[in-house]
Structure formats: structure tokens, C-alpha cells
Amino acid sequence: MSPVSRGFLGRRRPVADPSRIPPGQYLTTDFPVLSAGPTPHTPLDEWSFTIHGQVEEPTSWPWEEFLALPSETITVDIHCVTKWSKLDTTWKGVSVDTLLGNIGTSAEYLTAWSDGGYTTNLPLEDVTDGKAWVAYEYGGEPLEAEHGGPARLLVPHLYFWKSAKWVRGLTLTADDEPGFWENYGYHNHGDPWLEQRYQGD
Amino acid sequence: MDALDGNAIAGELFEVFGEEMTTAVGTCAHCGATGVIAEQRVYLRAPGTVARCPRCTGVTMVLVSIRGSARIDLAGFKLAPPHDHGPPVDRQPAS
Amino acid sequence: MARAALPRRLNWQLARVVELVEEAAQTTSIVLAPADWPGHEAGQHVDVRLTAEDGYEAQRSYSIASGPEDDHLVLTVERLDDGEVSPYLVGELRPGDELELRGPIGGYFVWNQSLAGPLLLIAGGSGIVPFRSMLRHRSATGSGVAVRLLYSSRALGDVIYRDELAEFAAAGDGVDVSFTLTREWPEDWTGYRGRIDGKLLDEVSWPAAEMPLTYICGPSGFVESASGTLVDSGHDPRRIRTERFGPTGT
């Protein structure tokens, strides 16, 4: 271990309930902004959300129609692979179950893709049965661009790199296809409770 | 958010290459722009560090630190001689 | 101290804090005695690493404020209220403490007196730090290269090295310093007001025909704007070097 810097504590906060913090994580009360590229600014009248790939009928919703879909408000804990965890975050969005609703598919995997080129991969079973949303509000306000607005994927039970910011669609695939960070050595699944940060963990 | 530039990763690049790299010249694989590493737009606050071409924003370099070992992917940036063979494969990061 | 070659290895070492010097309301210079300093070039930086008792680490980069010929290594740090490292360096750190750092780092944003001028230095906020090193090197080596420095700050209380910069300008050996304040200024302020734009640069900088060697340092937006404005008015982008400062921690 490097020599200790006398009196240095960092930005971490004391943990009230350790059972809510996965191994190796620190509690934060701010909301760090992490990004792999410039913030996209797609005008809402050009925005749409699409489900395509290995589906019987590709489906696409423009912004106004998307907002009119049945939505949920949820409060969840989120965990970033860079070690910060944030508890009790509130989001409003459309459940992926609702989006997949009547779309027939034999696919077992999907790739979420975003404005700016970011991708991440997930098994279908990790985004169904109430596990994932496409969220457009955070903390009761429209989702800010730097946090992924107008809409981002939200998959709180996995490390937050799977919750793709600026999401525009899901491509359903027969095979699992590693996304951006998965290709550079990050874990294919990303369960924070099993500390699946990197390939081989 | 605003990007920094290649100066911000000079230390990490030194660890991987074993020498000062911010003046190294390369060509963007996406748009062909030629420039030095110091001028790449760098996004540090991410699971890894992403460097992008200042002209076309295509990804030029990605640095990740996995279990304490630094790795670099240069698929988006063709380095000019004398660095055109990439980083030394057997280099251990400086402790 | 002899001019240093770039190091062959970049190792972490401990530097003892000798003294703290308040430069402005939220900005302090940290005077250091590193265990094994190889020397540096003006414009280079160091990486600083802080380690908590449980092993938690935070790392940041800081430009070197001291000249290559100075007795001690000096870093000048602005305290950011929502920062993780700067409130420790400016507030908790005290003389006698050991600070872990590695350096010197950087081969791009450097100037030494063998490089021809004239020099155009454009600083935003704490972007002035590497230019202090360059100006001290210029003085120490008796270089007569002509310099025009334009330094942008939010308010007078944020200006760092004000007296030292005034001394450089008063020495009458070719250094010209202009200040601009962007958010507020005293009633009797005789410097410039407002953000740097084409008009201000036209007044203050060398004309493009002089082919100045230009260094721009500060927040990303500041650097992009100043650089773009210079290029738009005919300056050669190959003669412009930039270094962007900004938040680096998560």
C-alpha cells in the first residue's frame, strides 16, 4: 500500500446500512458525471426509441408517443464500477417489459445503443420482469443531458455502465455481443454484489 | 461535459510506453487527421479513459486499468515512427 | 539546478512540505522538498496521490509553479469547494507532512529559453501556474525573448501572483502583462473587463504576422475559445500549444 497521507479521508460518507453497499463500493451523496465522449444534444423532434433486430416487427416511438406510454416512478440504489454507490435515487420511465410488450422475439440477448455511438450488452432476462426501464426523469425533473437525458437505460441491479446514457434503442440478438466497455476488458455481466468488474472476475 | 486533452494522461501513457508520449504523432483511423497525442480530446471520468480525435470525435485511444495493470487500445490512432510498433508488450507499470 | 532531461522512469516519491504560501483567497502555493527530484522544464506537471488509512486513493495532476532554477519544487493549488483533493491540499496539509508525487511529466506544453519567440501566453484562472514557471525560467537564464501575457480571472481577489507578475512587467526587459476580469472589477480598474474575445486579442496579442509561439492554459471552454479566436484571425495553429484544466476525479 502507498504511504498514508496524514488526515486524508476523501469524499466518502459514513455508511448507515452496510448491507446496501456492495463489496468495494463507497457511498456518495453527489451524482458524479462520467462520460466516454461529448454530450449529445438530439432535438426532441428528431428523437425516437427503437426496438429492432431479431424481432418479428421492429417498433419505434417518437418522443411524444414515448412519454404517453405507461410509466412508473421507482426508487433504486445505483452502483458505478468506479466504486461509488448512490442510494434511494428516484426515476420515472417506461419499463422495458412495457416496451417489449407485444414484440415477438426468440432472441436471448440485446445490445443497447446510444447517440454518440456507445453500446452495452445484456441478456434479455436481465431487463425483463421489472428489472429495467428507459428513464426520462430523475429526482422529479426531466433528465439532464449530462446524466443521459432526454432518456437513458436504467438497469440498477448491474453496474451503472450497463445503464446506457442517451439511449436510442435496443437491438435484440441471438448471440451475446460485447458492447463498448465489455470489449475493453470490463465484465460481460457486471453484478456488483459478485463484484464482477472485469473479465475473469 | 468538457473534455481535457492528452496532457492529462501523460503520466499514464508514460507508464504504458516507458517514455514521454504527449508529443507523439498519429493519424486518426476514422477521418485521417494527423495530430499529437497532447491534442486528443480526453474523457477521464469514465470506467476507463477515452481519447477522441479533435476533428471528428472518433475514438482514438482507450486506456483501462484492470486489477492495477494499465492497458491501452490504439486501434483508432495510427502512431507514426518511432512509435509505430505500439507499446512494449512486456512493460510492467511503474509502481 | 541543471536543465533536466525527461526521466527514464516515472516513480512515486515523497516530498516534504516546507512551507505554505497564500496566493489568493482560495489558492495556496505548496513549497516542497522531494526526496529525489531530477529537475524539470517549465510547463511540466506532477501527479499527486493521496492515500487514506484504509487504502482509498485519489490522484490529481498539478502544474509546477516553480522555475527549473528554483531551490524548491512549488505547486499552486486552487481549492474547489466540492473537490476531493484540493480541500485537503488547501486546508489540511501542513509543513512537515509528506506528499506523494511523481514527475516531472509532460513534453508538449513546455518552454525553455532555446525556443524562439516572441511568446504569447494566455491564461484562464489557475492556467497561470505553468506560465509562472516559464517566466521564472526566462528571468533566471537572462533570456530576452519578448513576452505578452494575457491573464483572465473572475475577480481581482482571484488573481494569483499579482505582485510577481507586476515585477516581471516592471523589469523593462520585454515582458508585457495584461489582466482581464470577467465577473466583477473595482470601480477604478484600469485593466480589461469581460471575457477574452477577438477584439481583446487583437489589442493585446502579437499580430499573426509575427508568428508568436503561443501557449494557452485554463479550463477547456476557455482554451477552445481563445485558440479558435486566434486561428480565425490568422494565427498558425501549429504555433499554438494548449493545456486544458478541469475536474479529473470521479
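Calculation rules
- Residues numbered from 1 in each chain as written.
- Chains lettered and ligands numbered in written order.
- Predicted model: local features only at pLDDT ≥ 70, side-chain atom pairs only at ≥ 80, totals over all residues.
- Helix = DSSP H or I, 4+ residues; strand = E, 2+ residues; numbered from the N terminus.
- Rg over C-alpha atoms; globule rule 2.2 N^0.38 Å.
- Buried ≥ 20, exposed ≤ 12 C-beta atoms within 10 Å, placed from the backbone.
- Pairing = 2+ DSSP bridges.
- Axes fitted to C-alpha atoms, helices over the stretch in contact; angles between N-to-C directions.
- pLDDT = per-residue confidence, 0-100.
- Contact = placed C-beta atoms within 7 Å.
- Nonpolar A, V, L, I, M, F, W, Y, C, P; charged D, E, K, R; others polar.
- Expected span 1.5 Å × (residues − 1).

**Some details on the overall build of chain B**
Phase 1 of the analysis: Scanning chain B from terminus to terminus reveals one helix and eight strands.
Phase 2 of the analysis: Along the chain direction, N to C, the helices and strands of chain B fall in the order β-α-β-β-β-β-β-β-β.
Phase 3 of the analysis: Against the globule reference of 12 Å for 95 residues, chain B gives a C-alpha radius of gyration of 12 Å, in line with a compact fold.
Phase 4 of the analysis: Principal-axis analysis of the C-alpha atoms gives chain B an extent of 35 × 30 × 20 Å.
Phase 5 of the analysis: Expressed as a percentage of the 95 residues in chain B, the buried residues total 45%.

**Some points on the pairing of strand β1 (residues 13-24) of chain C**
All names here are of chain C.
Phase 1 of the analysis: One ladder, built from four bridges, connects β1 with strand β6 (residues 98-105); its direction is antiparallel. Paired with A15 across the strands is L99, a residue of β6.
Phase 2 of the analysis: Pairing of β1 with strand β2 (residues 27-34), which is carried by eight bridges, proceeds in the antiparallel orientation. Across the sheet, residue L20 finds its bridge partner in β2, namely I30.

**Points about the sheet that holds strand β2 (residues 25-28) of chain B**
All names here are of chain B.
Phase 1 of the analysis: Here three strands make up an open sheet; going across it, the order is β3-β2-β8 and the pairing antiparallel. Strand pairing shows two members of the sheet lacking a second neighbour, β3 (34-36) and β8 (77-79), which therefore form its edges. Across the sheet, the mean angle from the axis of one strand to that of its neighbour is 35°, orientation sign disregarded.
Phase 2 of the analysis: Where β2 lies against β3, three bridges are found, and the strand directions are antiparallel. In the strand pairing of β3, T27 is matched with T34.

**Some points on the confidence of the model for chain B**
Residue and element names in this part refer to chain B.
Phase 1 of the analysis: This prediction gives chain B a mean pLDDT of 89; 92% of its residues lie at or above 70.
Phase 2 of the analysis: Contacts for the low-pLDDT stretch residues 90-95, under 50 throughout, to residues beyond four places or in other chains number nine contacts.
Phase 3 of the analysis: Across the predicted assembly, pTM comes out at 0.92 and ipTM at 0.90.

**Side note on the interface of chain C and chain B**
Phase 1 of the analysis: On the chain B side, the residues contacting the 20 residues of chain C number 18 residues.
Phase 2 of the analysis: Looking at the side of chain C that touches chain B, the elements with two or more residues in it are β6, α5 (220-232) and β12 (240-245) of chain C.
Phase 3 of the analysis: It is β12(C) that provides the largest number of residues to the side of chain C that touches chain B, a total of three residues.
Phase 4 of the analysis: Of the residues contributing to the side of chain C that touches chain B, the split by class is five nonpolar, ten polar and five charged.

**Examining the interface of chain A and chain B**
Phase 1 of the analysis: Counting residues at the interface gives 17 residues for chain A, matched by 16 residues for chain B.
Phase 2 of the analysis: Split by residue class, the side of chain A that touches chain B holds eleven nonpolar, five polar and one charged.

**Re the sheet that holds strand β7 (residues 119-124) of chain C**
Residue and element names in this part refer to chain C.
Phase 1 of the analysis: With parallel pairing, the six strands of this open sheet are ordered in space as β10-β9-β8-β7-β11-β12. Looking along the sheet, the strands with just one partner apiece sit at the ends: β10 (192-193) and β12.
Phase 2 of the analysis: Summarising the sheet, strand β11 (residues 213-219) and β12 pair through six bridges and their orientation is parallel. Residue pairing across strands places I216 opposite T242, the latter belonging to β12.
Phase 3 of the analysis: Packed on one face of the sheet, α5 meets β7, β11 and β12 and runs near 150° to β11.

**A look at unusual backbone geometry**
Phase 1 of the analysis: Following G149(A), the chain continues to P150(A) via a peptide bond in cis, the omega torsion being 20°.
Phase 2 of the analysis: By the element assignment, P150(A) lies in the loop between β9 (141-142) and β10 (152-154).
Phase 3 of the analysis: Residues G117(C) and P118(C) are joined by a peptide bond in cis, for which omega reads 0°.
Phase 4 of the analysis: Structurally, P118(C) is set in the loop between β6 and β7.

**Description of helix α2 (residues 129-140) of chain C**
All names here are of chain C.
Phase 1 of the analysis: When the terminal C-alpha atoms of α2 are compared, their 17 Å separation across twelve residues agrees well with the 16 Å that a helix rising 1.5 Å per residue should span.
Phase 2 of the analysis: Buried residues dominate α2, accounting for ten of its twelve residues.
Phase 3 of the analysis: Of all the positions in α2, only V129, P130, F131, R132, S133, M134, L135, R136, H137 and R138 are classed as buried.

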